[in-house]
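Listed here are the chains, written in short residue letters.
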Amino acid sequence: MKKYFIFGVALTLIAPLSFSASISGRSVIKAIYTYGADTSYQNEVVIQLKYPIQNCASGFWMSDVDSLENKKSISILLSAFHTESTVYLAGDDSKRWAGSGGEYCKLSTVGIER
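Below: a short report on this structure. All of these numbers come straight from a predicted model, not from anything done at the bench.

Comments concerning the state of the cysteines
As enumerated under the stated definition, the model contains 1 disulfide in all. There is a disulfide in this structure between Cys56 and Cys105, and the S-S distance comes to 1.9 Å. The chirality of the disulfide connecting Cys56 with Cys105 is left-handed, given an S-S dihedral of about -95 degrees. Here Cys56 is found in the loop between β2 (45-49) and β3 (59-62), whereas its partner Cys105 is found in strand β5 (residues 104-113), with 49 residues between them in sequence. Judged by its relative accessible area of 0%, Cys56 falls in the buried class.

Comments concerning helix α3 (residues 71-83)
An ideal rise of 1.5 Å per residue puts 18 Å on 13 residues; α3 measures up with 18 Å between its terminal C-alpha atoms. For α3, the complete set of buried residues consists of Ser73, Leu77 and Ala80. Down the axis of α3, the sector holding all buried residues measures 70 degrees, keeping them to one side. Turned more than 90 degrees off the buried face of α3, the exposed positions are Lys71, Lys72 and His82. As for α3, its buried residues are in contact with β1 (22-34), β2, β3, β4 (86-96) and β5.

Looking at the sheet that holds β3
The mixed closed barrel is built from 5 strands, whose spatial order is β1-β2-β3-β5-β4. Put simply, the sheet's adjacent strands are angled 55 degrees from each other on average, direction ignored. Inspection of the sheet shows β4 paired to β5 by 8 bridges, in the antiparallel sense. For Ala90, the partnering residue across the bridge sits in β5 and is Thr109. Those strands touched by α3 are β1, β2, β3, β4 and β5, and its axis lies near 70 degrees from that of β5.

Topic: the nonpolar core
Among the nonpolar cores identified, the biggest contains 16 residues, and Ile29, Ile47, Leu49, Phe60, Leu77, Leu89 and Leu107 are the most heavily contacted of them. Secondary structure elements with two or more residues in this core: β1, β2, β3, α3, β4 and β5.

Some details on the pattern of salt bridges
Under the definition given, this model contains 4 salt bridges. A salt bridge links Lys50 to Glu84; the shortest N-O distance between them is 3.9 Å. Linking Lys50 in the loop between β2 and β3 with Glu84 in the loop between α3 and β4, this pair joins segments that are 34 residues apart in sequence. The exposure class assigned to Lys50 is partly exposed, which follows from its relative accessible area of 40%. By relative accessible area, Glu84 is classed as exposed at 54%. Residue Asp92 pairs with Lys95 through a salt bridge whose shortest N-O separation is 3.9 Å. For Asp92, a relative accessible area of 17% translates into the label buried.

Thresholds, definitions, all that
Residues numbered from 1 in each chain as written. Predicted model: local features only at pLDDT ≥ 70, side-chain atom pairs only at ≥ 80, totals over all residues. Heavy atoms only, no water. Disulfide = S-S within 2.5 Å. Helix = DSSP H or I, 4+ residues; strand = E, 2+ residues; numbered from the N terminus. Buried < 20%, exposed > 50% of the residue type's maximum accessible area, 1.4 Å probe, protein only. Expected span 1.5 Å × (residues − 1). Arc of directions from axis to C-beta. Contact = heavy atoms within 4.5 Å. Pairing = 2+ DSSP bridges. Axes fitted to C-alpha atoms, helices over the stretch in contact; angles between N-to-C directions. Core = buried A, V, L, I, M, F, W, Y, C linked by side-chain atoms within 4.5 Å. Salt bridge = Lys/Arg side-chain N within 4 Å of Asp/Glu carboxyl O.

Structure representation (structure tokens):
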């Protein structure tokens, strides 16, 4: 019985951690920023939304590696921005952008909707 109690307590403490990182939603892009070589955030991309997504109130961000190696995501973001289309965004709300004290989630998936 004691084993089950300890297991239950451990599961209760661990379960919220495993589910808190994944976040997704739909919005319209308000602004896109990227940073140059003379900053600490070179090639990082920041996306701000018209309609904030829960736990990512400030928007989403892409690392320098992601922005350079996944040009399709950048293309989708720019297309959605210029056409004011709805975008689907998913990311990790436990990986905040170091360039701001705001709630920017690390982007993992982007899609455009008509």
